[in-house]
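One letter stands for each residue in the lines below.
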Amino acid sequence: MVEQDYYELLGVQRGADDAAIKAAYRRLAKEHHPDRKNGCKESEARFKAINEAYDVLKDPQKRAAYDRFGKAAFNGGGGHDPFGSAGFEGFSDIFSTIFGEFMDPRGARQNAARGADLRYDLELSLEEAFTGVEKTIKIEAMAQCGTCDGRGCTGLDRCTSACSTCNGMGKVRAQQGFFVVERTCPNCRGSGEIISNPCPTCHGEGRALNQRRLSVKIPAGVDEGTRIRVAGEGEAGVRGAAAGDLYLFVHMKRHPIYAREGTTLVADCPVSFTTAALGGSISLPGVDGHKVDIKIPAGVQSGEQLRHRGAGMSVLNGRGRGDLVARILVETPTRMTAKQKKILEEFRETETGDECPAAKGFFTRVREYFGG
């Protein structure tokens, strides 16, 4: 499952105020509105994602829930219902997470024994992000103990009994004046059980540090900051409790030719001033391995962008591709022969000013400013 962070979608920091979030939303909504993109499916999907992110972050309650629980707080509600499509059930899950130790101590112990989530930073090339790739990664973390198969004890018979200190609750309470303080049981360390013959390898935890290899599939179209959740591949839980999740954070390697802007690839292409004046063509290596030919019109100006449709990056969780943009940089020659200089001198002598209308218009305004 690939998740896009709402703050990253809007391009704001997590501590951004309401004004910054609103300004970012207005700018992006205007930029990606489908009416301005002639019904482009990619822009439509981006526009919907931006609206979803803003709908959550503009509301203090929804934003607080998102900051704490991420998209899990909405249970698939698309950001429009702070407790998801499950209604009261979604609220019950959140309420149970916060107050579960008072309502159901056994459930609280299970949550406490759950394995921790893991983070892995994965670096990809532009070509790998374009096609998608299967990567084998190494993870060193707590895994199920091989000696006791995660039971935490040796032997086949039952090897645990309820802790006599907390009566199996995992918590002990002590009254201090008007207040009741609840703490983790010091005898069983919150498990509620005592192991009579702990495993010599894991010392009763049911897990031990281990290094393992894991094969993960990266979908086509991922970008810098994309987060991929691999369920159940985090740290193992204590004595058979649920394992945590693994989160892959994608980082992109610098490409020698292209800069990436979403699904658009941009290449700065220096061309000679004669090519800019007379026209020509350039060839760029496509990210898919095919050559991309771009025609340069006569009279092109430095900074102009020549777009080749459908030659950019893959669309994440969608179809089609973005565009490839050649940004023209007209280069003035720094080394010329005497003959070349003579030719340019002859050209300058024949100039009328109409060859470069922008320059002519600018200096006309300058002369008018100084009274002709």
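One structure accompanies this document, and this report is about it.

Rules of the game
- Residues numbered from 1 in each chain as written.
- Predicted model: local features only at pLDDT ≥ 70, side-chain atom pairs only at ≥ 80, totals over all residues.
- Heavy atoms only, no water.
- Helix = DSSP H or I, 4+ residues; strand = E, 2+ residues; numbered from the N terminus.
- Contact = heavy atoms within 4.5 Å.
- Areas by Shrake-Rupley, 256 points an atom, 1.4 Å probe, with all protein chains shown as cover.
- Phe/Tyr/Trp six-rings, centres within 6.5 Å; stacked < 30°, edge-to-face > 60°.
- Buried < 20%, exposed > 50% of the residue type's maximum accessible area, 1.4 Å probe, protein only.
- Pairing = 2+ DSSP bridges.
- Axes fitted to C-alpha atoms, helices over the stretch in contact; angles between N-to-C directions.
- Parallel < 35°, antiparallel > 145°, perpendicular 65-115°, else oblique.
- Nonpolar A, V, L, I, M, F, W, Y, C, P; charged D, E, K, R; others polar.
- Core = buried A, V, L, I, M, F, W, Y, C linked by side-chain atoms within 4.5 Å.
- Patch = residues over 30% accessible without salt bridge, like charges linked within 9 Å, V, L, I, M, F, W, Y side chains within 5 Å.
- Salt bridge = Lys/Arg side-chain N within 4 Å of Asp/Glu carboxyl O.
- Arc of directions from axis to C-beta.
- Polar contact = N/O pair within 3.5 Å; in protein donor to acceptor, adjacent residues only side chain to side chain.

Our focus in this paragraph is the overall build of the chain. When you go through the chain residue by residue, the secondary structure sums to 10 helices and 16 strands. Intrachain contacts of the chain at a sequence separation of at least 6 include 60% that bridge at least 24 residues. A total of about 23,300 Å² of accessible surface is found on the chain, and carbon and sulfur atoms cover 51% of it.

Below, the discussion takes up the packing of aromatic side chains. Applying the stated rule across the entire model yields 5 aromatic pairs. Their ring planes at 40 degrees and their centres at 6.2 Å tell us that Tyr7 and Tyr66 sit as a pair that is tilted. One end of the pair, Tyr7, is in helix 1 (residues 6-10); the other, Tyr66, is in helix 4 (residues 60-69), with 59 residues separating them in the sequence. Overall, Tyr7 belongs to the buried group, its relative accessible area being 1%. Classification of Tyr66 as buried rests on a relative accessible area of 4%.

Positioned with a positive phi, His203 is a non-glycine residue whose angle comes to about 55 degrees. Mapped onto the fold, His203 is located in the loop between strand 7 (193-195) and strand 8 (207-218). Taking the relative accessible area as the measure of exposure, His203 reaches 61% and is therefore exposed. For Asn317, which is not glycine, the phi torsion reads 55 degrees and is therefore positive. Relative to the helices and strands, Asn317 resides in the loop between strand 15 (305-308) and strand 16 (324-331).

Taken in spatial order, the 4 strands of this open sheet run 11-12-16-15, and their pairing is mixed. Every interior strand has two partners, whereas the edge strands, strand 11 (258-261) and strand 15, have only one. Mean inter-strand twist for the sheet, computed between neighbouring axes without regard to direction, equals 30 degrees. The pairing of strand 12 (residues 264-272) with strand 16 spans 8 bridges and is classified as parallel. Along strand 16, the bridge assignment pairs Ser272 with Glu331.

Turning to the packing of helix 3 (residues 41-57) against helix 4, a few remarks are in order. Put simply, helix 3 and helix 4 touch, their axes get as near as 6 Å, and they point 105 degrees apart. Taken together, the axis directions place helix 3 and helix 4 in an arrangement best described as roughly perpendicular. In this structure, helix 3 contributes Asp55, Val56 and Leu57 to the contact, and helix 4 contributes Lys62, Arg63 and Tyr66. Tallied by class, the residues present in the contact of helix 3 with helix 4 amount to 3 nonpolar, no polar and 3 charged.

Residues Ile137, Ile218, Val222, Leu246, Leu248, Leu284 and Ile294 are the most contacted members of the largest nonpolar core, which totals 39 residues. Those residues in contact with Val222 that lie beyond four places of it in its chain are Leu124, Ala129, Ile228, Val250, Met252, Arg260 and Leu316. With 22 residues, the next largest nonpolar core counts Tyr7, Leu9, Leu57 and Ala65 among its residues.

Once that is clear, we can look at a nonpolar patch on the surface. On the surface, Phe273, Met336 and Leu344 cluster together to form a nonpolar patch covering roughly 210 Å² of accessible area. Along the chain, Met336 turns up in the loop between strand 16 and helix 9 (338-349).

As a further point, take helix 4. If you check which residues of helix 4 are buried, you get Lys62, Arg63, Ala65 and Tyr66. The buried residues of helix 4 all sit within an arc of 165 degrees when viewed along its axis, so they share a single face. Facing away from the buried side of helix 4, by more than 90 degrees, are the exposed residues Pro60, Gln61 and Arg68. Tucked inside the fold, the buried residues of helix 4 contact helix 1, helix 2 (18-32) and helix 3. Between the side-chain oxygen at the start of helix 4 and the backbone nitrogen of Gln61 there is a gap of 2.9 Å, and the oxygen is on Asp59. Gly70 sits one or two residues past helix 4 and shows a positive phi near 70 degrees.

This brings us to the side chain of His255. As for its position among the elements, His255 is in the loop between strand 10 (246-252) and strand 11. With a relative accessible area of 18%, His255 lands in the buried category. Here Glu127 takes part through its side chain, which lies 3.0 Å from a polar atom of the side chain of His255. Polar contacts involving the side chain of His255 include one to the main-chain amide nitrogen of Tyr258, which spans 3.1 Å.

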